[in-house]
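Working through the structure, step by step
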Amino acid sequence: MRFEFIVDGPPVSQQTRRRENLRAWKIVVRKEAEKYWSPGQKAATGLIMLKITYFYDSVDMDVDNIVKPIQDAIIGLAYIDDDQVTDVLVRKRNLLGNFKVENMTSILAEGFSRGNEFLHIVVIEAPDQEVLI
């Protein structure tokens, strides 16, 4: 299972005082995810891993505040329940910085081509639960 999508940033923090902004952000994330969801594709029923990368240019946010709204927004689409999420990798990279992208997907390339900050979100099967690296 692999599901990948992009959302224009900046994200809204789980810690925001303006709860209406958080609700609106979750709706945006869900709508963007649905655009990339293939007809007939089924939500994962097993354990999964979320990989989120925030490519920013001006708004730098704590990575731990990015996860929960995105995770909540795709429940019932990419997976059934958030207790399926066993692993989360969250990164932020400055678009003006120096970094190399390996194994560029067409969806990630689309994000870069938009010319603004964005989030790249990937849902994959969780790694082996009996092996810690």
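Remember, it's a predicted structure, so these values are computed and weren't measured experimentally.

Remarks on the nonpolar core
Ranked by internal contacts, the top residues of the largest apolar core, which has 35 residues, are Phe-5, Ile-74 and Tyr-79. Elements represented by at least two residues in this core include exactly β1 (2-8), α1 (19-36), β2 (48-56), α2 (67-73), β3 (85-94), α3 (106-113) and β4 (118-125). Counting residues per element, this core draws most heavily on β2, at 6 residues.

Looking at the environment of Val-67
Relative to the helices and strands, Val-67 resides in helix α2. With 15 residues separating them along the chain, Val-67 and Ile-52 place their C-alpha atoms 7.7 Å apart.

Remarks on the side chain of Gln-84
Among the structural elements, Gln-84 can be located in the loop between α2 and β3. The buried category is assigned to Gln-84, whose relative accessible area is 6%. A distance of 2.8 Å separates the side chain of Gln-84 from the backbone nitrogen of Asp-81, its partner in a polar contact. When neighbours within four sequence positions are excluded, Gln-84 is seen to be in contact with Ala-44, Thr-45, Gly-46, Leu-47, Ile-48 and Tyr-79.

Structural notes on α3
Buried residues of α3: Ile-107, Leu-108 and Gly-111, and no others. The buried side chains of α3 occupy one side of the element, clustering within an arc of 100 degrees when seen end-on. Of the residues in α3, the exposed ones pointing more than 90 degrees away from the buried face are Ser-106 and Ser-113. Looking one or two residues past α3, Gly-115 carries a phi angle of roughly 80 degrees, positive in sign.

A few points about the sheet that holds β3
Taken in spatial order, the 4 strands line up as β1-β4-β2-β3 in an open sheet, and their pairing is mixed. Of all strands in the sheet, those bounded by a partner on one side alone are β1 and β3. Ignoring strand direction, the axes of neighbouring strands in this sheet form an average angle of 15 degrees. In this fold α1 packs onto β1 and β4, with an angle of close to 130 degrees to the strand it touches most, β1. Sheet contacts for α3: β1, β2 and β4; angle to β1, the most-contacted strand, approximately 5 degrees.

Remarks on α1
Taking 1.5 Å of rise per residue, 18 residues should cover 26 Å, and α1 covers 27 Å from first to last C-alpha, within 8% of that figure. Considered for burial, the residues of α1 that qualify are Leu-22, Trp-25, Val-29, Glu-32, Ala-33 and Tyr-36. Within α1, the buried residues cover an arc of 100 degrees as seen down the axis, which keeps them to one side. Of the residues in α1, the exposed ones pointing more than 90 degrees away from the buried face are Arg-23, Lys-31 and Lys-35. As for α1, its buried residues are in contact with β1, α2, α3 and β4.

Describing the pattern of salt bridges
The final tally for this structure, using the stated rule, is 9 salt bridges. The residue Arg-30 makes a salt bridge to Glu-34 at a minimum N-O spacing of 3.1 Å. Of this pair, Arg-30 and Glu-34 both sit in helix α1, 4 residues apart, which is roughly one turn of that helix. Judged by relative accessible area, which is 39%, Glu-34 ranks as partly exposed. By sharing partners, the salt bridges in this structure join Lys-26, Lys-68, Asp-72 and Asp-82 into a single network.

Thresholds, definitions, all that
Residues numbered from 1 in each chain as written. Predicted model: local features only at pLDDT ≥ 70, side-chain atom pairs only at ≥ 80, totals over all residues. Heavy atoms only, no water. Core = buried A, V, L, I, M, F, W, Y, C linked by side-chain atoms within 4.5 Å. Buried < 20%, exposed > 50% of the residue type's maximum accessible area, 1.4 Å probe, protein only. Helix = DSSP H or I, 4+ residues; strand = E, 2+ residues; numbered from the N terminus. Polar contact = N/O pair within 3.5 Å; in protein donor to acceptor, adjacent residues only side chain to side chain. Contact = heavy atoms within 4.5 Å. Arc of directions from axis to C-beta. Pairing = 2+ DSSP bridges. Axes fitted to C-alpha atoms, helices over the stretch in contact; angles between N-to-C directions. Expected span 1.5 Å × (residues − 1). Salt bridge = Lys/Arg side-chain N within 4 Å of Asp/Glu carboxyl O.

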